[in-house]
Amino acid sequence: MVDIVNLKPMELLAMRPGSLPSRRTTRPDTGHPAVARRLRRGVVALLLPLAAALAGCAISTPVRLAAPTPADRPDDLLQVSLTHAVVDPARRAPFDRYVGRVVEQLPQQAGLVSYSVRRELLGRQVWTMTAWRSAEDRARFFGSGVHRQAMTEAAPALLKVRTVRLELRRAELPLDWPRALAALGPAPWEGEAPKGQP
């Protein structure tokens, strides 16, 4: 018989379900509570490093490119807007809903050339990247109803925001996230404690 009370967490996880002793073979007073504690510790020991690793991981939407028009040329100078924000985790869900609404509206915007959105899986950071045919197209979108409403409603969730504007040639697109993040550079607030924390 296997004494699962004295097994290490990894040994417990490696055991097949049929090899675990039944309730009748463990001591009623100390058997199950000890096993439960050891299992919990083992699961926590496995999940904490995984959660820590995922905290720095980010995912992004593919960079979407608008169909070129006959007037588009590789040397056209485009207006690129990169945004980096830190979001309050308690208000993340409403913020994500508004970002979703804005992203749904992007393909219909006049002058849009490309866009992508990026966010940390378990973290608080989000990034957006849009490219426009002109500064006027970009300004028209930022002043549009859907963007204005999203900024008004989602503003309480934003702890920190910064935007960088670039001019790139059409031939330099699509701009991928490693180049976009390099263009953003380190955030001026990196190393600071988040708002509301010491």
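Residues numbered from 1 in each chain as written. Predicted model: local features only at pLDDT ≥ 70, side-chain atom pairs only at ≥ 80, totals over all residues. Heavy atoms only, no water.

A.B. asks: Go over the nonpolar core with me, naming the residues and quoting the values.
C.D. replies: Judged by nonpolar contacts, the single largest core of 15 residues is most densely connected at Val-87, Phe-95 and Leu-106. Among the elements of the structure, strand E3 (77-87), helix H3 (92-105), strand E4 (112-120), strand E5 (125-132) and helix H5 (145-154) are those that each provide at least two residues to this core. Ranked by residue count, the leading element in this core is H3, at three residues. Counting 13 residues, the second largest nonpolar core, distinct from the first, contains Leu-78, Trp-127, Leu-168 and Leu-184. (Core = buried A, V, L, I, M, F, W, Y, C linked by side-chain atoms within 4.5 Å. Buried < 20%, exposed > 50% of the residue type's maximum accessible area, 1.4 Å probe, protein only. Helix = DSSP H or I, 4+ residues; strand = E, 2+ residues; numbered from the N terminus.)

A.B. asks: I'd like a description of a nonpolar patch on the surface, backed by residues and values.
C.D. replies: A surface patch of nonpolar side chains, amounting to about 250 Å² of accessible area, comprises Ile-59, Leu-121 and Leu-122. Relative to the helices and strands, Leu-122 resides in the loop between E4 and E5. Note on Leu-122: relative accessible area 52%, which makes it exposed. (Patch = residues over 30% accessible without salt bridge, like charges linked within 9 Å, V, L, I, M, F, W, Y side chains within 5 Å. Areas by Shrake-Rupley, 256 points an atom, 1.4 Å probe, with all protein chains shown as cover. Salt bridge = Lys/Arg side-chain N within 4 Å of Asp/Glu carboxyl O.)

A.B. asks: Tell me what's going on with the pattern of salt bridges, and back it up with residues and numbers.
C.D. replies: A full pass over the atoms with the stated rule returns six salt bridges. Its salt-bridge partner being Arg-92, residue Asp-96 comes within 3.0 Å of it at the nearest N-O pair. Separated by four residues within a single helix, Asp-96 and Arg-92 lie in helix H3, roughly one turn from each other. Accessibility expressed as a relative area gives 31% for Asp-96, which makes it partly exposed. A relative accessible area of 12% places Arg-92 in the buried class. The structure contains a network of salt bridges with shared partners spanning Asp-72, Asp-76, Arg-133 and Arg-170.

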